[in-house]
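Per-entry structural report
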Amino acid sequence: MDYKAEYRRWLEEFRDDPETVQELLSLEGNEKEIEDRFYTELEFGTAGMRGVLGAGLNRMNQYNVRRATLGLARYIAEDPERQARGVVIAYDSRRKSDEFARQAALVLCAAGIPAYLFESLRPVPVLSFSVRALHAVAGIVITASHNPPQYNGYKVYWEDGGQMPPERASEVLRHIRAVDFSEARPMDEGQAKAKGLLRIIGAEVDDRYIQMVKGLSIDPELIKEMGGQLKIVYTPLHGSGNIPVRRVLREAGFSQVSVVKEQEKPDPNFSTVKVPNPEDPAAFTLALKLQEELNADVVFGTDPDCDRVGIAVKDKAGQVHILTGNQIGCLLLHYILTARKKRGTLPPNAAAVKSIVSTEMAQAIADDFGVRMFNVLTGFKYIAEKIQEFEESGEYQFVFGFEESYGYLSGTAVRDKDGVNACLLIAETA
């Protein structure tokens, strides 16, 4: 690819966008930066697109979002029945997330595909749930998960609520590559609403999701008896987990939940942390300080799109330990199997799923309960595929899935790792 020619083409093609033109002109003389922005296209794969924000072929910007969305729309439109079902769109607290989500929605509308756009930021698991709950054909979420603040991304989900598998992603990519930027134009928002193509969604979907998550509690009587005694410190790390995590804990019966005030509000700069990643112990600095002040039992931290959860707990001597993803996964698996066996709700064909890089201790726990453990490739979409396979064959019933990278799921209404589900389960386990 001739990066210099692409650079000049962008200056010409987007001449009516002064912000983009100004940014591109500011690069003159910086050959290395121009080359990095234009030597290749932003990659689209099973995890969608992810990149540094900015103007250029190899950057996250409204034009790449529009182009990718039109490619997705053309793939969907190959089947009229699929087209009529529409696409759900969610976004997190990152820079330009809301703008990119709206642009994607209006490009879909221009292609004649209904778009269900959330009124404000929502976690990834809510998007996954909504695709299934609204019988949509696909979902889009604008997020770069736990990456640094200069990143954003575009993830695509299919009708099962899981991330798009490789074969389907390849087909979408084929359509994207056939799209010229000039073709990917959004519909006027007022017109899209008037035609019933743009539908803003919110509380009604949230309520269904929260009820579903509360239903995943294994022993509500235990929470009723002990939930008021457990002191929890929670940090959403400036992301989308704040409202749903605190709501589900409160409604389930955990009354002593304190939020880290400095990290409560959405902040695209993630100004209190180096990276908003619960896998990084440094992300817990403020939460551990509050834990000490309140003498809290446990700390929860979710990443910006609230699919990952990290925790810190006190031992009997009062020393604080930040647990690994493998430790959390094994604790949750053991609790689920113990509690369900005790209550007589553990199915005889129960199955758990983990990624191949996750600890074999989980295998030993499953063996001890006579539960089948499946190992899958890294990526939660492969756990989601197993859930779908179990549902279709009836051979097994899914009870838990996890990855060592702090992702957990104990239900089947969501087909991705679910930080809200995990926070409730961790609180019950604690």
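Here is a short report on the structure shown in this document.

What counts, and at which threshold
Residues numbered from 1 in each chain as written. Predicted model: local features only at pLDDT ≥ 70, side-chain atom pairs only at ≥ 80, totals over all residues. Heavy atoms only, no water. Axes fitted to C-alpha atoms, helices over the stretch in contact; angles between N-to-C directions. Helix = DSSP H or I, 4+ residues; strand = E, 2+ residues; numbered from the N terminus. Left-handed = near helix turned anticlockwise from the far one by under 90°. Contact = heavy atoms within 4.5 Å. Nonpolar A, V, L, I, M, F, W, Y, C, P; charged D, E, K, R; others polar. Pairing = 2+ DSSP bridges. Salt bridge = Lys/Arg side-chain N within 4 Å of Asp/Glu carboxyl O. Buried < 20%, exposed > 50% of the residue type's maximum accessible area, 1.4 Å probe, protein only.

Re the packing of helix H4 (residues 62–76) against helix H6 (residues 97–110)
- Running from amino to carboxyl end, H4 crosses H6 at an angle of 35 degrees, the nearest separation of the two axes being 9 Å. Considering the relative orientation of H4 and H6, their crossing is right-handed. Facing H4, whose interface residues are Gln62, Val65, Arg66, Thr69, Leu70 and Ala73, H6 presents Glu99, Phe100, Gln103, Ala104, Val107 and Leu108.
- The residue inventory of the contact of H4 with H6, partitioned by class, reads 7 nonpolar, 3 polar and 2 charged.

Describing the sheet that holds strand E6 (residues 198–201)
- The mixed open sheet is built from 6 strands, whose spatial order is E1-E5-E4-E2-E3-E6. Of all the strands in the sheet, the pair left with one neighbour each is strand E1 (49–52) and E6. Each strand of the sheet is rotated relative to its neighbour by a mean of 15 degrees, with strand direction disregarded.
- Relative to strand E5 (residues 151–158), strand E4 (residues 138–142) runs antiparallel, the two being bridged by 5 bridges. Considered in E5, the bridge of Ile142 is made with Tyr154.

Some points on the pattern of salt bridges
- Evaluated as defined, the whole model comprises 36 salt bridges.
- For Glu41, the salt bridge is made with Arg67, and the minimal N-O distance between the two is 3.3 Å. Taken as a pair, Glu41 in the loop between helix H3 (31–38) and E1 and Arg67 in helix H4 lie far apart in primary sequence, 26 residues in all.
- Salt-bridge contacts for Asp92 lead to Arg94; the nearest nitrogen and oxygen are separated by 3.9 Å. With respect to class, Asp92 is no different from Arg94; both count as buried.
- Where salt bridges share partners, they join Glu279, Asp303, Asp307, Arg308, Asp416 and Lys417 into one cluster.

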